[in-house]
Amino acid sequence: MKIMFVGLGLIGGSMAMALEGYPDLERYAVDGDEPTRLEALGRGVVRAAWPNADDAPVEDMDIIVICLHPEAAADFVRAQAGRIRPGALLTDVCGVKRPLFEAVGEVRERTFIYLGGHPMAGRERGGFAHATADLFRGAHYILTPDAGVPQESIRLMERLVTFMGCADVVFSDPAAHDERIAYTSQLMHVMALALCDQHLLFDSYGFEGGSFRGATRVAALDPKLWCELFWANKETLANLTDELTERLAEYSALLHGDDRAALLERLTVSSDRKKKFDALRGLDAALSAGFDRVKLNAVLLGGFNDDEIPALAGLTRAYPVDVRFIEWMPMGQRPPGAYPLDCGAVLKALPELTALPPDGGVAERYILPGAKGYVGLIRPVSCQFCAGCN
């Protein structure tokens, strides 16, 4: 099986290195930088390398991985689509999916398979000089297949990225991918840049600790690349930037005000949301440990987590996990401002749920389209299921 990396920068070079030893895999590359090609050849990272795709045997490849910036990746597809052999797998590592999906959509009578990809790994410095075989160790790898991608192509990519050291594969559609990446990556870069634009930056040398270094780590970016990434996703990123500005304004109002208790409440709510998010890492750990059926229980409370119902249920699409919503029973203290909800709130928030047959357990079982696990409803209050709950 022959694989070609179009671009041997940080990601392409690291992928080529990480796939050393994969059974029956021959690695090739295209890269316009002669020193990079010579080093990759000299170290045995690839068998052969060409300065441009026109000179490379694109038609001989079983897998082509485009490791270019989004606009250059789209240009590659427009120029080389006719040379990709029927049945070959074309994938990419672009941080924004829309430009490449549009370019692939323009290909008439396409006979190759396209499966978008995006490894959630990187470093502040790019280029082959900073590529390493362990770059992807423990990282998520996102795949964005459409309905026409054969399962065997998806399984092949899963095998490849697992060999590279990735922790798991996360599936998404291109639009959802670009929205989530705008939030988890692009907005973080906007924040880091904005912090470095504040007037105290140079006066604060010697006062910075881990929190400042972490918050500004990505600010020393490649302006040309990130301008391209921002621009390709600008509407979504602009909306998220506006939302962040609103949240910051709320904190500003609390700090300018006289209500210390209100500030404490807001800090508590925000901190609790982060703790819940961090708890999701437990899913990765459990699945990596070999548990084949993981259950996540969430007690329903209005004004506290009812806005998280779609996101929690959505975990069943990304993981083989069962998410069970449980009605709050009147014992112990509720968080401030929270109130009990019955499980009807879940059905209202998720009209696409389909009921599953009973399995003898305490939970009513439902499933979302395309999910790997089920959504459970446990009703100790509205529909008491055992004598001990009466």
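Up top is the structure.
Residues numbered from 1 in each chain as written. Predicted model: local features only at pLDDT ≥ 70, side-chain atom pairs only at ≥ 80, totals over all residues. Heavy atoms only, no water.

A separate point is the overall build of the protein. Scanning the protein for helices and strands turns up 13 helices and 14 strands. Its C-alpha atoms give the protein principal-axis dimensions of about 75 × 60 × 40 Å. For the protein, with 390 residues in total, the buried portion stands at 41%. Across the protein, every contact between residues at least 6 apart in sequence was considered, and the portion connecting residues at least 24 apart equals 68%. Accessible surface, the protein as shown: approximately 21,100 Å² in total, 55% of it carbon and sulfur. Where the 39 positive side-chain charges of the protein centre and where its 53 negative ones centre are 4 Å apart. (Helix = DSSP H or I, 4+ residues; strand = E, 2+ residues; numbered from the N terminus. Buried < 20%, exposed > 50% of the residue type's maximum accessible area, 1.4 Å probe, protein only. Contact = heavy atoms within 4.5 Å. Areas by Shrake-Rupley, 256 points an atom, 1.4 Å probe, with all protein chains shown as cover. Lys, Arg positive; Asp, Glu negative; His and termini not counted. Charge placed at Lys NZ, Arg CZ, Asp CG, Glu CD.)

Further remarks concern the packing of aromatic side chains. Following the criterion strictly, the structure yields four aromatic pairs and no others. Considering the side-chain rings of Tyr22 and Phe163, the 5.3 Å spacing of their centres and the 85° angle between planes classify their relative orientation as edge-to-face. One end of the pair, Tyr22, is in the loop between helix 1 (10-18) and strand 2 (26-30); the other, Phe163, is in helix 5 (residues 151-164), and 141 residues separate them in sequence. Seen from their ring centres, Phe101 and Tyr114 are 5.1 Å apart, and the 75° between their planes marks the pair as edge-to-face. (Phe/Tyr/Trp six-rings, centres within 6.5 Å; stacked < 30°, edge-to-face > 60°.)

With that out of the way, let us pick up the side chain of Thr144. Topologically, Thr144 is positioned in strand 7 (residues 140-144). Contact partners of Thr144, with chain neighbours within four places excluded, come to Lys97, Phe101, Leu115, Gly116, Gly117, Ser172, Asp173, Pro174 and His177.

To continue, consider helix 2 (residues 34-42). Looking at helix 2, one finds that the buried residues are Thr36, Arg37 and Ala40. Buried residues of helix 2 fall within an arc of 100° about the axis and therefore sit on the same side. Exposed and oriented more than 90 degrees from the buried face of helix 2 are Pro35, Leu38 and Gly42. The elements touched by buried residues of helix 2 are strand 3 (48-50). Positive phi shows up at Gly44, right after helix 2, with a value of about 75°. (Arc of directions from axis to C-beta.)

Turning to the pairing of strand 4 (residues 63-66), a few remarks are in order. In regular strands, side chains alternate between the two faces of the sheet. Alternating positions in strand 4 separate into two faces, Ile63 and Val65 on one and Ile64 and Ile66 on the other, with burial throughout. Examined bridge by bridge, strand 1 (residues 2-6) and strand 4 share four bridges and lie parallel to one another. Along strand 4, the bridge assignment pairs Met4 with Ile64. Relative to strand 5 (residues 89-92), strand 4 runs parallel, the two sharing four bridges. Bridged to Ile64 within strand 5 is Leu90. (Pairing = 2+ DSSP bridges.)

Turning next to empty space enclosed by the protein. What the rule picks out here adds up to one cavity of 30 Å³ or more. Space inside the largest cavity adds up to approximately 40 Å³. Lining the largest cavity we find Ile3, Phe5, Met15, Leu19, Ile63, Val65, Thr91, Met157 and Leu160. Its residues placed into classes, the lining of the largest cavity shows eight nonpolar, one polar and no charged. (1 Å grid on protein atoms, 1.4 Å probe; cavity = no way out; pocket = protein on both sides within 12 Å on 5 of 7 lines; lining within 4 Å. Points joined across faces, edges and corners; volume = space filled by probe spheres on them. Nonpolar A, V, L, I, M, F, W, Y, C, P; charged D, E, K, R; others polar.)

This next bit is on helix 10 (residues 260-279). For helix 10, spanning 20 residues, the distance from its first C-alpha to its last is 29 Å, which sits close to the expected 28 Å at 1.5 Å a residue. Looking at where helix 10 begins, the residue whose side-chain oxygen comes 3.3 Å from the main-chain nitrogen of Ala261 is Asp259. (Expected span 1.5 Å × (residues − 1). Polar contact = N/O pair within 3.5 Å; in protein donor to acceptor, adjacent residues only side chain to side chain.)

Packed helix pairs are specified by the crossing angle of their axes together with the interaxial distance, meaning the distance between the axes. With their axes 11 Å apart at the nearest point, helix 6 (residues 174-196) and helix 8 (residues 223-232) run at an angle of 125° to one another. By the angle class used here, helix 6 and helix 8 are oblique. At the point where helix 6 passes helix 8, the crossing takes the left-handed sense. For the pair formed by helix 6 and helix 8, the contact residues are Ser185, Gln186, His189 and Val190 on the first element and Trp226, Leu229 and Phe230 on the second. When its residues are assigned to classes, the contact of helix 6 with helix 8 shows four nonpolar, three polar and no charged. (Axes fitted to C-alpha atoms, helices over the stretch in contact; angles between N-to-C directions. Parallel < 35°, antiparallel > 145°, perpendicular 65-115°, else oblique. Left-handed = near helix turned anticlockwise from the far one by under 90°.)

Counting residues in each nonpolar core, the largest one holds 39 residues, and the members touching the most others are Phe5, Met15, Tyr141 and Met164. Secondary-structure elements contributing two or more residues to this core are strand 1, helix 1, strand 4, strand 6 (113-119), strand 7 and helix 5. Residues Val6, Ile64, Ile66 and Ala73 belong to the second largest nonpolar core, which totals 25 residues. (Core = buried A, V, L, I, M, F, W, Y, C linked by side-chain atoms within 4.5 Å.)

Take the state of the cysteines next. Joining two cysteines, a disulfide is a covalent bond between their sulfur atoms. Taken as a whole and judged by the stated rule, the model has zero disulfides. Cys67 provides the cysteine sulfur closest to Cys166, a residue in no disulfide bond, and the two sulfurs are 13 Å apart. (Disulfide = S-S within 2.5 Å.)

Turning our attention to the pairing of strand 8 (residues 168-171). Pairing of strand 7 with strand 8 involves four bridges; the strand directions are parallel. Residue Leu143 lies in a different strand from strand 8, and its bridge partner there is Phe171. Taken together, strand 7, helix 5 and strand 8 constitute a β-α-β crossover, and its handedness is right-handed. (Right-handed = clockwise from strand over helix to strand, strands pointing away.)

Okay, the sheet that holds strand 2 next. Ordered by their spatial adjacency, eight strands build an open sheet running 3-2-1-4-5-6-7-8, and the pairing between neighbours is mixed. The sheet is open, and its two borders are formed by strand 3 and strand 8, each paired with just one other strand. For this sheet, the mean angle separating the axes of adjacent strands, direction not counted, is 25°. Pairing geometry for strand 6 and strand 7, over four bridges, is antiparallel. Each bridged residue has a counterpart across the sheet, and for Gly117 the counterpart in strand 7 is Leu143.

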